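Working through the structure, step by step
What follows is the residue order along each chain.
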Amino acid sequence: MPKLIDGRAIAQKVYAELQDEIASLKLRGLTPGLAVVLVGDDPASRAYVRAKDKMCRELGLHSVKLELPATTTQEELLARVNELNRDEKIHGILVQSPPPPQIDESAIIRGLDPRKDVDGFHPLNVAKLALDDDTGFVPCTPLGCLRLLRETGITLSGANVVVLGRSMIVGKPMALLLMRKGIDTTVTVVHSRTKNIPEICRRADVIIAAIGRPHFVRTEFVREGATVIDVGINRIEDAGSERGYKLVGDVEFEGASKVAGAITPVPGGVGPMTIAMLMSNTIKACRQISEL
Ligand code: NAP
């Protein structure tokens, strides 16, 4: 059996580390503060926002949850973002995606103070990631995947990694992070136009799947002993469940786990790490804004 990479346990380890840092900031009279802005009432977004708010409170961070109606205009949202930019108690701001159609998401992201952009989506932070500048913010999901890989103990330097997906939230920042000096993996990125994906994946020491296609990565994609990180969260019909659906990843776990050396489950793999890295980025923002 492969080693199961337990994202929940590793997230708890991250929280234990963060608690020390929070305590030392509090000794200096500083409480890191995170504001999460939700526009509209998408149930999944609402659940994410609740989870982030809950974790902030558990860690003793200052948490602001701003719930705005689905009819909020671009100007209104920008005005609220500006207030948060100026609020000294707030060090991190996150606008929950996706916003309603009247909102231009990229304009909102550009309106964030980049020092408070704990999601790492502002162009300045994207540039800092490409420039290997550690003062920038790396998006939480790729950052969480890297921590999971480090925890497996595999040698990353020189490893062949295949990243499936090239989104600005996961695939692209993941690739930039993994090719950084000091991490030193050799990265191949595949997307919807790539030919021979199974063959490319079979050459990988590490596969990171982030395409939003249930069970796409199957046994024949995975080389014996490879590490598999499944970012995907997909709903598929499940008549047997009370909700009528279940959540599955981009990896066909049963098959892939027969050959992988280590693998993340869904749920309980990457998901918990994304929130842990959001907390970590918020504390980093507090330190940097306070020039500590
Ligand atoms: P996205 O913006 O829709 O991007 C999907 C990427 O996958 C695109 O680059 C697309 O290629 C590629 N792709 C789609 N179908 C493909 C196929 N058949 N073969 C190869 N490549 C294909 O998705 P995302 O936001 O990155 O999210 C990906 C998955 O991760 C989703 O299931 C999402 O729910 C999950 N997710 C999880 C977390 C977490 O915390 N665990 C966080 C974020 C996202 P093109 O560029 O060519 O279109």
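The structure this text deals with has already been given above.
This report concerns the structure included in the present document.

In this section: the site of the ligand. Surveying the vicinity of the ligand reveals 20 residues, the closest of which are R166, S167, S192, I233 and T274. One nitrogen or oxygen atom from the side chain of R166 is found 2.7 Å from an oxygen atom belonging to the ligand. Between the ligand and the protein, one listed contact pairs a nitrogen atom with a backbone N or O atom of V231 at 3.4 Å. If you tally residues by element for the shell around the ligand, the top one is helix α10 (residues 270-289), at 3 residues. Tallied by class, the residues present in the shell around the ligand amount to 8 nonpolar, 10 polar and 2 charged.

Buried residues dominate helix α7 (residues 171-178), accounting for 6 of its 8 residues. Taken together, the buried positions of α7 are G171, P173, M174, A175, L177 and L178. Check the buried side of α7 and you find it contacts α5 (123-130), α6 (140-152), β5 (160-164), β6 (186-190) and β7 (206-209).

The next thing to look at is the pattern of salt bridges. As enumerated under the stated definition, the model contains 14 salt bridges in all. A salt bridge links R287 to E21; the nearest nitrogen and oxygen atoms lie 2.8 Å apart. Here the residue R287 occupies a position in helix α10, and E21 occupies one in helix α1 (residues 7-27), the gap between them amounting to 266 residues. By relative accessible area, which is 29% here, R287 ends up partly exposed. Note that E83 is salt-bridged to R80, the shortest N-O span being 3.5 Å. Here the residue E83 and the residue R80 both occupy positions in helix α3 (residues 74-86), the gap between them amounting to 3 residues, near one helical turn.

Quick look at empty space enclosed by the protein now. For the coordinates displayed, the defined rule picks out 1 cavity of 30 Å³ or more. By volume, the largest cavity is sized at about 70 Å³. I93, L94, V95, E105, I109, L112, D117, D119 and F121 together form the lining of the largest cavity. Broken down by secondary-structure element, the contributors of at least two residues to the lining of the largest cavity are β4 (92-95) and α4 (105-111). Broken down by element, the lining of the largest cavity gets its largest block of residues, 3 residues, from β4.

This part covers the packing of helix α2 (residues 43-59) against α10. Interhelical geometry of α2 versus α10 gives an angle of 55° and a closest axis separation of 10 Å. Here α2 lies oblique to α10, going by the angle between them. Handedness of the α2/α10 crossing: right-handed. Contacts between α2 and α10 involve A51, K52, M55, C56 and L59 from the first element and I275, L278 and M279 from the second. Considered class by class, the residues forming the contact of α2 with α10 number 7 nonpolar, no polar and 1 charged.

Turning our eyes to something else, we now look at unusual backbone geometry. Most peptide bonds take the trans form, and the phi angle of most residues other than glycine is negative. In this model, S97 is joined to P98 through a cis peptide bond whose omega is -5°. Summarising the element assignment, P98 is placed in the loop between β4 and α4. Look at D184: it is not a glycine, yet its phi comes out positive at around 65°. Turning to its location among the elements, D184 is positioned in the loop between α7 and β6. Phi at N196 is positive, roughly 55°, even though this residue is not glycine. Positionally, N196 belongs in the loop between β6 and α8 (197-202).

Cut-offs applied
- Residues numbered from 1 in each chain as written.
- Predicted model: local features only at pLDDT ≥ 70, side-chain atom pairs only at ≥ 80, totals over all residues.
- Heavy atoms only, no water.
- Near = heavy atom within 4 Å.
- Polar contact = N/O pair within 3.5 Å; in protein donor to acceptor, adjacent residues only side chain to side chain.
- Helix = DSSP H or I, 4+ residues; strand = E, 2+ residues; numbered from the N terminus.
- Nonpolar A, V, L, I, M, F, W, Y, C, P; charged D, E, K, R; others polar.
- Buried < 20%, exposed > 50% of the residue type's maximum accessible area, 1.4 Å probe, protein only.
- Contact = heavy atoms within 4.5 Å.
- Salt bridge = Lys/Arg side-chain N within 4 Å of Asp/Glu carboxyl O.
- 1 Å grid on protein atoms, 1.4 Å probe; cavity = no way out; pocket = protein on both sides within 12 Å on 5 of 7 lines; lining within 4 Å.
- Points joined across faces, edges and corners; volume = space filled by probe spheres on them.
- Axes fitted to C-alpha atoms, helices over the stretch in contact; angles between N-to-C directions.
- Parallel < 35°, antiparallel > 145°, perpendicular 65-115°, else oblique.
- Left-handed = near helix turned anticlockwise from the far one by under 90°.

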